[in-house]
Amino acid sequence: MTRLGGVIARRGAQALAVAIGVSALCFVITQRLPGDIAYRIAAGRYGYDMVDADAAASVRDELGLDRPLWQQLGEWVADLLRLDLGRSLVTSQPVLTEVSHYLAATLQLAVLSIVIAVIVGAGIGVVAARRPGGFADRFSSLWVAGVRAVPPFLLGLLLMIVLSAQLGLFPAVGHGDGGIVLPALTLGLSLSGLIARVTRDAVVEVRGSAYVEFALTKGLPERWVLVRHVLRNAAVSLVPYLGVQFVVLIEGVVVVESLFAWDGLGHSLVHAVFWRDIPVLQASALVLALLIVLVNTLVDLAVLGLDPRPRGRAVTA
Amino acid sequence: MITRPHLRGAAALAAVALAATACGSSQSAASDALRIAGPFEIHSLEPSSDGYFFTRLHVTETLVTADVEGNLVPGLATAWSADEANKIWTFELADGVEFHDGKPMTPENVVAVLQKMAADAASPLADVGVETIRADGSSVVIELSEPNVSVPATLSHYSTGILAPSSYDADGKVEKVIGTGPYEVAEVSLPSRIETVRVADWRGVEPDVEKVSFQAVGRAESRAVMATGGQADVVFGLEPAGRERVESTDGVDMVSALQPRTILMKMNAADPALKDVRVRQAISMALDRESIAEAVLREKDIAATQLLTPTLADWDAELEPLTYDAEQAKALLAEAGWKAGADGTVAKDGKPLTLELLTYPDRPELPALATAIQAELKKVGVQVDVEVTNSSEVPAKHGDGSLQMALVAKSFALISDPLPTVADTFAEGGSDWGTMGWSDPAVDEAVAALMAGAEGEEAAQHRRTIVTTAQEQLPLVPVSWYRMNAAVSDRVEGFQIDALETSWRITDIELAG
């Protein structure tokens, strides 16, 4: 399995480089943001109308914010090497606990959204590809345009009003009792449009290929042709695309998370920026960056397994 | 034929995925808990940062508390008194108080908590000049370096809620909130959820509501859906559009109360343009406050006519109300040397009058109000640049002197007595959320006399001096008052909004059905 090893080594090196780059960049950017950092942290801690010069001074003092920047960054890097992410400047909670809690919530949401997007999007795409230009195909175009045109905030609100306020099927906000359904549906439906499009085109292309025609000619039932040849080959273009979508999704959950009061990473990232909670910000960015590397690795591996072509192997044989 | 079975399969899968995550849904079934939703998140368990959640939810109690009208009433202290000089305060503690961990509350426990807060810059107890805090028999004695009449009111502040020693971890940080109130914490999930249950055998009258849940919901749109969809019993902080939807929905009503909070423009009276009182008066007169309040807040009657809300009865001196007069505003500007130029902006010595107005989005109406003010001032030739930023920029820019104007929502009763806040607002040399570059000897004298314990007619006279001078000099230009609102479901009986938000008065509520 040298190719597998190659993928893992390459991605591992990338992860390390990304980690160092992202942390340093994050630190520099936060320091360059306008506004006094001690005041911002005090605002996060004590609420916006309780901040005054005394509170800011006590924050500055407690956190040693007047030390030279290289010292502050150096300390963070040293802690990171000991796998200690420190404590949040605002909540005083260990960053690791906080970020992993938020990450879990976001991953849950992202995975369910992708599942919904794939079921809805790929479903529509496969049906549309059956007869290009037919009714289902035209419907799929309408669907793609529709869900892409409606901003997630509005779509979320519509779903909330219909499924939650009117029909009482799911709670509008929160983590308990099916609270994940509406945010996941919002994100999933938003994504399903493009997935439908990509699936449709991939399936149309594969269906027109010589090997599918051959499979049909040799008498395989159409269902088997679809599963073993069409879908597998279409998946080779669909999976990397899904990888990209997953990344977009993680970055795009901010609006949806705040609408549905879902305490995820997007939500915490916004607060961390607002309050200059540097350790949380650095850790969140780090986790997101590593997650992107991980997703790309998984996509590489999945394609490696899916692609029936003998790519990379000696073709001379 | 490939589609039909697959379509059906996909639909079934989708249904399964949804059902799997929705297990045990159907939240509209009446729950036995009182469900409260509000805009603010719980960032920390430390009493000086977000302690108000736990006092409002009746988990922690303070030595002194306030009734619905804002009058001080006994909390964990049954009585209090001061020496002649208002420098030594004695608080007699109630008998038989137990923490939720079953341990009795001792005067030493109370002393430890108060000492911690006296050293915490974010607690108002740090500002009263505490010298020592000690236990004396069954009471707690606080000695001050300066006379201060507001100690009981300060001890009604949420930061001074009494926590059990077992609340703290080894570093002295709060890891669990263990208080003495009629409700104890069942679960806290930072930053958005708190659940409490009624304490069995609490020392006082047992409340009717057995369980309470608080959910922080950042978006006002989402809160409105919760209120109209019956997913919360009490929803705080709705925007005008949400309020209108609630009003047209059966089974839920809007309840509101004027708060001692004023949306005002903090003016830098040391600024070259703003140091002229005529310019400040012109700015005030250029504001059609009623129209602004109607357009932005959809409540015409909360347009401010003076700095302090009339509900602060002691401070209401029946002042000449601030009025709208654009022509007079232009005349005042002209008198101060600001003449209308070709482009409509007034100018002096060839320099146009351009001012920066800072505000922050924590209260969503502030940026909207700021742009309304910008439009009003443009009509009299004053160019305003609105800058929406973090709230902490206001004290930060106050500190370095670069602030010109800031639109802020200032509470005048962070504790039950407005006096310390008023004193801070008009402090000599200015204060972060108060005046800037402005002072008036008569006001300084009046504040000092009140802080030293002036009483009766003498005190009323001092208060009148302060509010009258503020109305004439306008170091702070009031824009609008503030009405706290809540959407309340019909199953909640006995809900009252407490103007000071000391507590959510859950103990007075009964849940029907």
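Residues numbered from 1 in each chain as written. Chains lettered and ligands numbered in written order. Predicted model: local features only at pLDDT ≥ 70, side-chain atom pairs only at ≥ 80, totals over all residues. Heavy atoms only, no water.

Visitor: Which residues make up the interface of chain B and chain A, and what values do they have?
Guide: Opposite the 63 residues of chain B that make contact, chain A presents 60 residues. Summing the contributions of chain B and of chain A, the shared interface buries around 4,900 Å²; its carbon and sulfur component is 61%. Across the contact surface, chain B and chain A share 1 salt bridge. E393(B) is the salt-bridge partner of R40(A), the closest N and O atoms lying 3.7 Å from each other. Counting every contact that joins chain B to chain A gives 8 residue pairs in polar contact (both at pLDDT 80 or more). Of all the elements in the fold, those that place two or more residues in the side of chain B that touches chain A are α1 (3-21), α2 (47-50), β10 (211-216), α6 (220-228), α12 (393-400) and β18 (405-411) of chain B. (Contact = heavy atoms within 4.5 Å. Buried area = accessible area lost by both parts, 1.4 Å probe. Salt bridge = Lys/Arg side-chain N within 4 Å of Asp/Glu carboxyl O. Polar contact = N/O pair within 3.5 Å; in protein donor to acceptor, adjacent residues only side chain to side chain. Helix = DSSP H or I, 4+ residues; strand = E, 2+ residues; numbered from the N terminus.)

Visitor: Outline the sheet that holds strand β4 (residues 77-82) of chain B, supporting the account with residue identities and numerical values.
Guide: Residues and elements named next belong to chain B. Read across the open sheet, the 4 strands follow the order β4-β5-β7-β6; overall the sheet is antiparallel. Strand pairing shows two members of the sheet lacking a second neighbour, β4 and β6 (130-136), which therefore form its edges. Strand-to-strand, the axes of this sheet are offset by a mean angle of 15°, without reference to chain direction. Two elements, β6 and strand β7 (residues 139-144), share 6 bridges in a ladder whose sense is antiparallel. Of the residues in β7, the one forming a bridge with D136 is S139. (Pairing = 2+ DSSP bridges. Axes fitted to C-alpha atoms, helices over the stretch in contact; angles between N-to-C directions.)

Visitor: Which residues make up helix α7 (residues 152-166) of chain A, and what values do they have?
Guide: Residues and elements named next belong to chain A. Compared with the 21 Å implied by 1.5 Å per residue over 15 residues, the 20 Å span of α7 between its first and last C-alpha is a close match. Along α7, the sharpest kink reaches roughly 25°, centred on M160. Where α7 is concerned, the buried positions are L155, G156, L157, L159, M160, L163 and S164. Once α7 ends, the next one or two residues include G168, with phi positive near 65°. (Expected span 1.5 Å × (residues − 1). Bend = angle between axes of the 7 residues up to and from the residue. Buried < 20%, exposed > 50% of the residue type's maximum accessible area, 1.4 Å probe, protein only.)

Visitor: Got a sec to walk through a nonpolar patch on the surface? Specific residues and values, please.
Guide: Residues and elements named next belong to chain A. Together, F135, F139 and L142 make up a nonpolar patch on the protein surface, roughly 360 Å² of accessible area in all. Relative to the elements of secondary structure, L142 occurs in helix α6 (residues 135-149). Take L142: its relative accessible area is 60%, and that puts it in the exposed class. (Patch = residues over 30% accessible without salt bridge, like charges linked within 9 Å, V, L, I, M, F, W, Y side chains within 5 Å. Areas by Shrake-Rupley, 256 points an atom, 1.4 Å probe, with all protein chains shown as cover.)

Visitor: Requested: an account of the pairing of strand β16 (residues 354-359) of chain B, with residues and values cited.
Guide: Residue and element names in this part refer to chain B. Pairing of β16 with strand β17 (residues 383-388), which is carried by 6 bridges, proceeds in the parallel orientation. Across the sheet, L358 pairs through a bridge with E387, a residue of β17. Crossover β16 to β17 through helix α11 (residues 365-379) is right-handed. Two elements, β16 and β18, share 2 bridges in a ladder whose sense is parallel. Paired with L358 across the bridge in β18 is A406. (Right-handed = clockwise from strand over helix to strand, strands pointing away.)

Visitor: So what about the sheet that holds strand β1 (residues 33-38) of chain B? Which residues, and what values?
Guide: Residue and element names in this part refer to chain B. Taken together, the 10 strands give an open sheet; going across it, the order is β8-β9-β10-β1-β11-β19-β12-β18-β16-β17, and neighbouring strands pair in mixed fashion. Two strands in the sheet have a free side with no partner beyond their single neighbour: β8 (183-189) and β17. Taken over all neighbouring pairs, the strand axes of this sheet differ in orientation by 25° on average, direction set aside. Of the strands in this sheet, β12 (252-267), β16, β17, β18 and β19 (476-489) are in contact with α11, which crosses β17 at around 170°.

Visitor: Explain the packing of helix α5 (residues 95-130) of chain A against α6(A) residue by residue, including any values.
Guide: Residues and elements named next belong to chain A. One way to put it is that α5 packs onto α6 with a least axis distance of 8 Å and a crossing angle of 145°. Both α5 and α6 take part in a crossing whose hand is left-handed. Mapping the contact onto sequence places V120, I124, V127 and A128 in α5 and A136, D137, F139, S140 and W143 in α6. Looking at the contact of α5 with α6 residue by residue, the classes come out as 7 nonpolar, 1 polar and 1 charged. (Left-handed = near helix turned anticlockwise from the far one by under 90°. Nonpolar A, V, L, I, M, F, W, Y, C, P; charged D, E, K, R; others polar.)

Honestly, it's all geometry; don't read function into it.
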